[in-house]
Number of protein chains: 2
Amino acid sequence: MNLEFFFKPRSVAVIGASREPRKFGHVIFKNFVESEFQGKTFPVNPKADKILGFKAYTSISEIQSELDLAVIAVPAPIVPSVIDECVSKGVKAAIIISGGFKEVGERGEKLEEEIRKKIDGSGMRVIGPNCIGIYDPTDHVDTLFLPRYRLRRPRGGPIAFISQSGAFGSAILDWAASQDIGISKFISIGNKIDVDEVDLLNYLSDDPLTKCIVIYVESISRGREFLEASSKITKSKPLIVLKGGVTQEGARAAMSHTGSLAGSAKIYEGAFKQSGVIQARTVDELFDYARALAYQPIPKGQKDIAIITNGGGFGVISSDQASKLGLKLAHFSPETTTKLKEKLPDYAIPNNPLDLVGDADVERYRQALDLVSSDPNVGIILVIVLLQTSYIESDVVDAITESQVTYGKPTIVCTIGGDFTQILVKMLEENRIPSYTTPERAVNAINALLQYSKALEDIEKRNM
Amino acid sequence: MNLEFFFKPRSVAVIGASREPRKFGHVIFKNFVESEFQGKTFPVNPKADKILGFKAYTSISEIQSELDLAVIAVPAPIVPSVIDECVSKGVKAAIIISGGFKEVGERGEKLEEEIRKKIDGSGMRVIGPNCIGIYDPTDHVDTLFLPRYRLRRPRGGPIAFISQSGAFGSAILDWAASQDIGISKFISIGNKIDVDEVDLLNYLSDDPLTKCIVIYVESISRGREFLEASSKITKSKPLIVLKGGVTQEGARAAMSHTGSLAGSAKIYEGAFKQSGVIQARTVDELFDYARALAYQPIPKGQKDIAIITNGGGFGVISSDQASKLGLKLAHFSPETTTKLKEKLPDYAIPNNPLDLVGDADVERYRQALDLVSSDPNVGIILVIVLLQTSYIESDVVDAITESQVTYGKPTIVCTIGGDFTQILVKMLEENRIPSYTTPERAVNAINALLQYSKALEDIEKRNM
């Protein structure tokens, strides 16, 4: 069934829109009114005449226009009657923001059952309850009820992000905004009374803005359908999943969080692998992997890694990490070695890792990048560039980007530092060159590229 | 032998001080002149009359005053003759910044041998060559030749940091400054012609400003002495080591970086454990662990963990990580459970993790912290606080700090986000409450506290 009305509604009613600036309903209504959202907007609040200058309605039945989307932010006990109204009005899609359902025990579970019966067969699709809804920077659907000075909205970009947990989602979105990471769509699915990760996977598989999908989930209720959808989507888009509640303690915590039973770690692991899903083991890995997979080409054919650095120590640690993961460092061809000897100062030994030494400038990086990228023995490039030396100017970003574009080889950067580094990291991010603060995280991201490459090859083999 | 002259010199000569603002010798001399360094400063440069207004000397033999410290930044081939002059002048300590020694091969190795002979038995101690020397924010010794707009200097604090690699050290210092992490002393040891990590461990063991020591090292040449020094120091101060070159690929890279042979991973691992050293497996872990160990009390007696959160998902992931590491979550006492039920809203279930739910305010955190901290079943507290909700104001920092001070239990924070979060993280850092961006990193830091606690108990047992 079509989820389009969630993301491209021509009209929206916010039920529970409030005049109180701190109330969720107020913030949500304001998001629609003050953004570039182009559809009609209707506040519903029986106690108000006007909200932010818009006429307020007592109930949605009073609204004459067709309604594509209803955002519901009223106390849990009132939600069933609101759902009744939505169904009889013919609303296409509803997001129930309200909490107080399955996650608080039996009483809430009953309410949820009641709602489920009302929407069954109604044709109306529902996201939530107990969620923060949708953030779509392209069509300006933003039901995040947290104020912008607390939760900065990330810019548009190629990564879709689904989170079962609202707080998890909002913390990561705020962080993503601070890192200039772009999001195609964010969806918080909460208690998943109707729309779940499977529906969203199917929807996002056709979304041209989404290049890579990231999911935080505590339970997967429709296991078989999830694997089918994953197997289908991973043929064209990488899918990264962090599964919460993989241990007994974690599962117990998940039970009281989203009221969901979490399955065994082993089962998920095997199933994910089988359907081409990249499993993140930590929160850091989720977006570390997503940025590599969304921004860079997937390695094909030659996959050996070249490491270029101006700091020997980071070269050593990268080699260690590659070795721990069983990844192979490239042997430069004799031609490359000869040319490197010619071009580089004699104290820069043409090994891999290629240590350009502390006095390397951008020109030396350019030469090294050119020679190493054109070597057929090199498939992937890790550029470590420590920016504390004043030899390196900001055009090192151009050098790296140009070499990536010219030679088309997956390129990953590692750099760490203060303000100056932060600026260059954002320039790289803008150019879709993913950058990592430590050699281990950079090499792990390369490993994710290789994992996905392997998954694609396995799919190809099966189809032959 | 005394290393005091490196850190508290009454007089310093910078040999190779230049008038050129980008030259290393210039930056180093300027660091002494423009900081609050209180000793005498002498630039040595045969081609200049004055540098930054100070009379320049042709050689140190012309300087009448006694010289405690010489910082040498001249081309490698000239270094042996400069060392001769230093020895005959009776200089107490020298730092050779210059590169071009063992790390570039045979030619450099010979130069290094030459220098070694000259200093043997001279009584002069030497740090380097091929290093960036010392940064001491208390006595204002700063031989970092990288300009401050590129490498911001961290403030004073309880963590001493030794790095064999200069670039590694400078990148981490710049990052530490951006995070408001305080450093007691930083020493880059480079090729370790004389002073090595063993000498520095012995020195730092008596340094009252140093509460915790962090080392990045690619080779440990005096293994037995290192273990002796470590065993001694870890009785009173935690020691965290990241060993580069633990794999074959990494060791090969280390060979051409600092010209040092790296030993087998297994041998180091066993030896570290035996001498109470906490081994960091990644660059992130180095300071993640150091901040927990330097700021918080070491767990004694009751060591079960309580998790307090306003985001269920982060609670779930923390539980997973604790479980993966074999750490135990506390069972709250019946009294605590009863009181939590009384004080908290009914939708916040008094389990551990204790989910205060998304609408928790600072007062709810205060009550939870009070009840949980006073529970004898709780030894360590992990406070997850996601700041995207406007219920939480910045005084949550006071609530956490006060509870830590009142109850004295090790307290770790997990929070992630943009600008607002960053400000609160710095407030926490100022109060010496370590904060981490992900549940996994926070729980790993708790694990480091527990590892050190275990090491101390083992020492106690051996002494009984």
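Each chain carries its own residue numbering, running from 1 in the direction its sequence is written. To read the labels, note that chains go from A and ligands from 1, taken in the order they are written. Local features in this predicted model are restricted to residues of pLDDT 70 or higher, and side-chain atom pairs are both shown and tallied only at a pLDDT of 80 or more, whereas totals for entire chains, interfaces and linings draw on every residue. As a rule here, side-chain values come from all non-hydrogen atoms in the structure, and water together with hydrogens is ignored.

Asks: I tried to follow the overall build of chain A on my own but got confused; where do I start?
Replies: Numbering of helices and strands runs from the N terminus, with a helix taken as a DSSP run of H or I at least four residues long and a strand as a DSSP run of E at least two residues long. Along its length, chain A carries 16 helices and 19 strands. Restricting the calculation to C-alpha atoms gives the radius of gyration, and the globule rule supplies 2.2 Å times the number of residues raised to the power 0.38. Its C-alpha atoms give chain A a radius of gyration of 25 Å, near enough to 23 Å, the size a compact globule of 464 residues would have. With the C-alpha coordinates of chain A rotated into their principal frame, the extents come out at 80 × 45 × 40 Å. When accessible area is computed with a 1.4 Å probe and restricted to protein chains, residues below 20% of their type maximum are described as buried, those above 50% as exposed, and intermediate ones as partly exposed. Classification of the 464 residues of chain A by burial places 62% in the buried group. What makes two residues a contact is simply this: any of their non-hydrogen atoms within 4.5 Å. When contacts within chain A are restricted to residue pairs at least 6 apart in sequence, those whose partners lie at least 24 apart make up 74%. The method behind every accessible area is Shrake-Rupley, applied with a 1.4 Å probe, and residues are considered shielded solely by the protein chains displayed. Element-wise, carbon and sulfur atoms account for 50% of the exposed surface of chain A, whose accessible area totals about 17300 Å². Neither His nor the chain termini are counted; the positive set is Lys and Arg, and the negative set is Asp and Glu. By convention, the charge on Lys lies at NZ, on Arg at CZ, on Asp at CG and on Glu at CD. Within chain A, one finds 54 positive and 58 negative side-chain charges whose respective centroids are separated by 4 Å.

Asks: How should the side chain of Ser59 of chain A be read in this particular structure?
Replies: All names here are of chain A. Along the polypeptide, Ser59 turns up in the loop between β4 (54–55) and β5 (69–72). Judged by its relative accessible area of 13%, Ser59 falls in the buried class. Under this definition, polar contacts are N or O atom pairs within 3.5 Å; protein pairs additionally need one hydrogen-donor-capable and one acceptor-capable atom, and for neighbouring residues in sequence, both atoms have to be side-chain atoms. A polar contact is formed between the side chain of Ser59 and the side chain of Ser61, at a distance of 2.5 Å. Excluding residues within four positions of it along the chain, Ser59 makes contact with Val44 and Glu85.

Asks: Mind showing me how you'd approach the pattern of salt bridges here?
Replies: Pairing between side chains becomes possible if they bear opposite charge and their charged atoms approach one another. Put simply, a salt bridge is a Lys or Arg side-chain nitrogen that is within 4 Å of an Asp or Glu carboxyl oxygen. Summed over the entire model, instances satisfying the criterion amount to 63 salt bridges over all chains. The residue Arg364 of chain B makes a salt bridge to Asp359 of chain B at a minimum N-O spacing of 2.8 Å. Judged by its relative accessible area of 12%, Arg364 of chain B falls in the buried class. Asp359 of chain B gets classed as partly exposed once you look at its relative accessible area, which sits at 23%. Through salt bridges with shared partners, a single ionic network connects Asp284, Asp288, Arg291, Glu429 and Arg441 of chain A together with Asp284, Asp288, Arg291, Glu429 and Arg441 of chain B.

Asks: For this particular structure, what's the right way to read helix α2 (residues 24–34) of chain A?
Replies: Because each turn of an α-helix spans 3.6 residues, side chains separated by three or four positions in sequence point in the same direction. For α2 of chain A, the set of buried residues is Gly25, His26, Val27, Ile28, Phe29, Asn31 and Phe32 of chain A. On its buried face, α2 of chain A sits against β1 (11–15), β2 (40–44), β3 (50–51), β4, β5 and β9 (141–142) of chain A.

Asks: Looking at this structure, how should I read the domain arrangement of chain A?
Replies: Quoted interface sizes are often the accessible area lost when the parts come together. Residues and elements named next belong to chain A. Each domain's extent was defined by an automatic or database domain assignment. With domains assigned, chain A is organised as domain 1 (1–130), domain 2 (146–249 + 256–295) and domain 3 (300–457). The gap between the C-alpha centroids of domain 1 and domain 2 is 24 Å. Taken together, the contacts link 21 residues of domain 1 with 21 residues of domain 2. Here's the idea: put two parts together, see how much 1.4 Å probe accessible area each one loses, and the total over both is what we call buried area. For the domain 1 and domain 2 pair, buried surface summed over both sides reaches about 1800 Å², with 55% attributable to carbon and sulfur atoms. At the boundary of domain 1 and domain 2, one finds two salt bridges. Per-element tally for the side of domain 1 that touches domain 2: the top contributor is helix α4 (residues 106–119), with four residues. For the side of domain 1 that touches domain 2, the residue count by class is 11 nonpolar, four polar and six charged. Ten residues, namely Ala, Val, Leu, Ile, Met, Phe, Trp, Tyr, Cys and Pro, are considered nonpolar, four, namely Asp, Glu, Lys and Arg, are considered charged, and the remaining ones, Gly among them, are considered polar.

Asks: Looking at this model, I keep getting lost on the packing of aromatic side chains. Mind explaining?
Replies: Any pair of Phe, Tyr and Trp rings, taking the six-membered ring for Trp, is counted once the centres come within 6.5 Å. Such a pair is stacked with planes under 30 degrees apart, edge-to-face with planes over 60 apart, and tilted for the rest. The tally for this structure, following the rule as stated, stands at 27 aromatic pairs over all chains. For the pair Phe7 of chain B and Tyr203 of chain B, a centre-to-centre distance of 4.9 Å together with 10 degrees between the ring planes defines the contact as stacked. Separated by 196 residues along the polypeptide, Phe7 of chain B in helix α1 (residues 4–7) and Tyr203 of chain B in helix α6 (residues 197–204) bring together distant segments of the chain. Overall, Phe7 of chain B belongs to the buried group, its relative accessible area being 1%. Put simply, the rings of Phe161, Phe168, Trp175, Phe186, Tyr216 and Phe287 of chain A together with Phe314 of chain B pair up and form one aromatic cluster.

Asks: Where do I start with the sheet that holds strand β11 (residues 183–188) of chain B in this structure?
Replies: By definition, the strands of a sheet pair up through backbone hydrogen bonds, in either a parallel or an antiparallel sense. All names here are of chain B. The seven strands lie next to each other as β9-β8-β11-β10-β12-β13-β14, forming an open sheet whose pairing is mixed. Because the sheet does not close on itself, it has two edges, and the strands there are β9 (141–142) and β14 (278–280). DSSP calls a pair of strands paired once it identifies at least 2 bridges connecting them. As paired strands, strand β12 (residues 212–217) and strand β13 (residues 239–243) are joined by five bridges and run parallel to one another. Each residue of the ladder has a partner; that of Val217, found in β13, is Lys243. In the packing of helix α10 (residues 283–295) onto the sheet, contacts are made with β10 (156–163), β11, β12, β13 and β14, and the angle to β10 comes to roughly 145 degrees. Helix axes are fitted to C-alpha atoms over the stretch in contact, other axes to C-alpha atoms as well, and angles between N-to-C directions run from 0 to 180 degrees.

Asks: Looking at this structure, how should I read the relation of the copies chain A and chain B?
Replies: The second copy of the chain is related to the first by a rotation about an axis and a shift along the axis. To superpose the copies, least squares is applied to the C-alpha atoms of every residue with a pLDDT of at least 70 in both. Mapping chain A onto chain B is achieved by rotating through 180 degrees and translating by 0.0 Å along the same axis, at an RMSD of 0.0 Å. In the structure described here, the two chain copies are related by an operation that fits a two-fold rotation axis. Residues of chain A ranked by C-alpha distance from the rotation axis are headed by Asp284 of chain A, positioned 5.7 Å from it. Taken as a fraction of all interface residues of chain A, those also at the interface in chain B reach 100%, which identifies the copy contact as same-surface.

Asks: In this structure, what is going on with the interface of chain A and chain B? I would like to understand it.
Replies: Taken residue by residue, the interface counts 78 residues in chain A and 78 residues in chain B. With both sides pooled, the region where chain A packs onto chain B buries about 5500 Å², and carbon together with sulfur makes up 58% of that total. If you sort the residues of chain A by the area they bury against chain B, Arg150, Val316 and Gln388 of chain A come out on top, with a joint share of 13%. Where chain A touches chain B, the interface holds eight salt bridges. Residue Asp346 of chain B pairs with Arg107 of chain A through a salt bridge whose shortest N-O separation is 4.0 Å. Across the contact surface, chain A and chain B share 25 residue pairs in polar contact (both at pLDDT 80 or more). The set of elements that each furnish at least two residues to the side of chain A that touches chain B consists of α5 (166–178), β13 (239–243), α8 (248–258), α10 (283–295), α11 (312–324), α15 (419–430) and α16 (439–463) of chain A. The biggest single contributor to the side of chain A that touches chain B is α11 of chain A, with nine residues. Here the side of chain A that touches chain B is built from residues that sort into 32 nonpolar, 26 polar and 20 charged.

Asks: How should the pairing of strand β2 (residues 40–44) of chain B be read in this particular structure?
Replies: Within a regular strand, the side chains alternate between the two sheet faces. Residues and elements named next belong to chain B. Burial analysis of β2 places four of its five residues in the buried class, which makes it a mostly covered element. Alignment of strand β1 (residues 11–15) against β2, held across five bridges, turns out to be parallel. By the bridge assignment, Ile15 is partnered in β2 with Val44. A clockwise course of the path from the first strand over the helix to the second, judged with the strands pointing away from the viewer, identifies a crossover as right-handed. Viewed along the sheet, the connection from β1 through helix α2 (residues 24–34) into β2 turns out right-handed.

Asks: What's the story with the packing of helix α13 (residues 362–373) of chain B against helix α14 (residues 396–407) of chain B in this structure? I'm lost.
Replies: Each packed pair of helices is defined by two parameters, the angle between the axes and the distance between the axes. All names here are of chain B. Taken N-terminus to C-terminus, the directions of α13 and α14 make an angle of 15 degrees; their axes are 9 Å apart at the nearest point. Judged on the interaxial angle alone, α14 and α13 are roughly parallel. Relative to α14, the crossing made by α13 is right-handed. On the side of α13, the interface is formed by Val362, Tyr365, Arg366, Leu369, Asp370 and Ser373, while α14 contributes Val396, Asp398, Ala399, Ile400, Glu402, Ser403 and Tyr407. When grouped by side-chain class, the residues that make up the contact of α13 with α14 number seven nonpolar, two polar and four charged. Put simply, angles under 35 degrees are roughly parallel, angles over 145 are roughly antiparallel, angles from 65 to 115 are roughly perpendicular, and the rest are oblique. Helix crossings get a hand from a simple test, with the near helix turned counterclockwise from the far one by less than a right angle marking a left-handed crossing and a clockwise turn marking a right-handed one.

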